[in-house]
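Each chain, written out:
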Amino acid sequence: MSPVNWCPIDKTVLANEQVINGCCWRHLDTPVEKRDLEQWFLKITDYADRLLDDLSLLDGWPEKVRTMQANWIGRSQGVEIDFQIEGFQELLCVYTTRPDTLYGATFMVLAPEHPLVERVTDPARLEDVRAYVERARRETEIERLSTETEKTGVFTGAYAVNPMNGERLPIWVADHALMGYGTGAIMAVPAHDQRDFEFARPYHLPIVEVLAPHAGPHAAARPA
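Draft legend 1. Quick peek at the confidence of the model for the protein. Across the protein, the average pLDDT comes to 89, with 95% of residues at or above 70. Ignoring residues within four places in sequence, the model shows residues 219-224, a span with pLDDT below 50, making six contacts including any to other chains.

Printed below as a string of structure tokens:
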């Protein structure tokens, strides 16, 4: 199952480019819906290493084209870390390329489409979370990843436990987290990640520096 853009009039799936200001390109007054449909996927990750390594065999191809292809494949090296969720048997698994910043994690972020959102949300906050998820699912992936868009989110009322120091980490839902990257969950380290920093500030979330002094993107700007 995976979310798609759905036109309720044409009853068909739309590409992101066919969604204009949240509406179908053929019916500009008809809001596009997000629906979870069963789909087939090609497991391109099984071939990613070969595709990347064999770029050097493409004689005659401009270097900028090979670089674009390498960036599109986007191989990254990292680890998966499990966080226990307070009051639940399920573990919250995150993928990170920086396990050395684990002590600096101060909150967790779930993609609006993450299957644990409804499960872990406090009943008192469920209405607000559902409204936020519905609003986020109407945005395109391009809009959600834009660096110019203000980072927004909503607290679920649930907490995860940092496996290194036992600290309670509030679990938020935010539209900049995507199910298509990693596990759909983020270990937020605002002292050493620009996106996490921009999210933490307006919500007054802790910013803890754990690497060398001034190593973070805004170490000098962090709260005292």
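There's more to say after this.
Draft legend 2. Layout of the pattern of salt bridges. Under the criterion given, the structure shown has 14 salt bridges. Arg-26 is the partner of Asp-10 in a salt bridge, and the nearest nitrogen-oxygen pair spans 3.8 Å. Of this pair, Asp-10 sits in the loop between strand E1 (2-7) and strand E2 (12-14) while Arg-26 sits in the loop between strand E4 (23-24) and strand E5 (33-37), placing them 16 residues apart in sequence. Judged by relative accessible area, Asp-10 falls into the partly exposed class, the value being 28%. With its nearest N and O atoms 2.9 Å apart, the salt bridge here joins Arg-130 to Glu-118. In this pair, Arg-130 is assigned in helix H4 (residues 126-137) and Glu-118 in helix H3 (residues 117-120), connecting sequence segments 12 residues apart. Residue Arg-130 is classed as partly exposed on the basis of its relative accessible area of 45%.

Draft legend 3. Structural view of the packing of aromatic side chains. One pass over the full model with this rule turns up seven aromatic pairs. A centroid spacing of 5.6 Å and a plane angle of 75° characterise the contact between Phe-155 and Tyr-159, whose relative ring orientation is edge-to-face. On the numbers, 4.9 Å between centres and 35° between planes, the contact of Phe-199 with Tyr-203 is tilted. Residue Tyr-203 is classed as partly exposed on the basis of its relative accessible area of 27%. Members of the aromatic cluster, connected to one another through ring pairs, are Phe-107, Phe-155, Tyr-159, Trp-172, Phe-199 and Tyr-203. A cation over a ring is seen here: Arg-168 above Tyr-159, with NZ or CZ 3.9 Å from the ring centre.

Draft legend 4. Quick peek at H4. Taking 1.5 Å per residue, 12 residues should reach 16 Å; H4 reaches 16 Å between its end C-alpha atoms and fits that length. The set of residues buried in H4 consists of Leu-126, Val-129, Tyr-132, Val-133, Ala-136 and Arg-137. Buried residues in H4, looked at end-on, bunch into an arc of 130°, giving them a common side. Opposite the buried face of H4, by more than 90 degrees, sit the exposed residues Glu-127 and Asp-128. Turning to H4, the residues buried within the fold contact E1, E5, H3, helix H5 (141-145), strand E9 (153-161) and strand E10 (168-174).

What counts and how
- Residues numbered from 1 in each chain as written.
- Predicted model: local features only at pLDDT ≥ 70, side-chain atom pairs only at ≥ 80, totals over all residues.
- Heavy atoms only, no water.
- pLDDT = per-residue confidence, 0-100.
- Contact = heavy atoms within 4.5 Å.
- Salt bridge = Lys/Arg side-chain N within 4 Å of Asp/Glu carboxyl O.
- Helix = DSSP H or I, 4+ residues; strand = E, 2+ residues; numbered from the N terminus.
- Buried < 20%, exposed > 50% of the residue type's maximum accessible area, 1.4 Å probe, protein only.
- Phe/Tyr/Trp six-rings, centres within 6.5 Å; stacked < 30°, edge-to-face > 60°.
- Lys NZ or Arg CZ within 6 Å of the ring centre and 35° of its normal.
- Expected span 1.5 Å × (residues − 1).
- Arc of directions from axis to C-beta.

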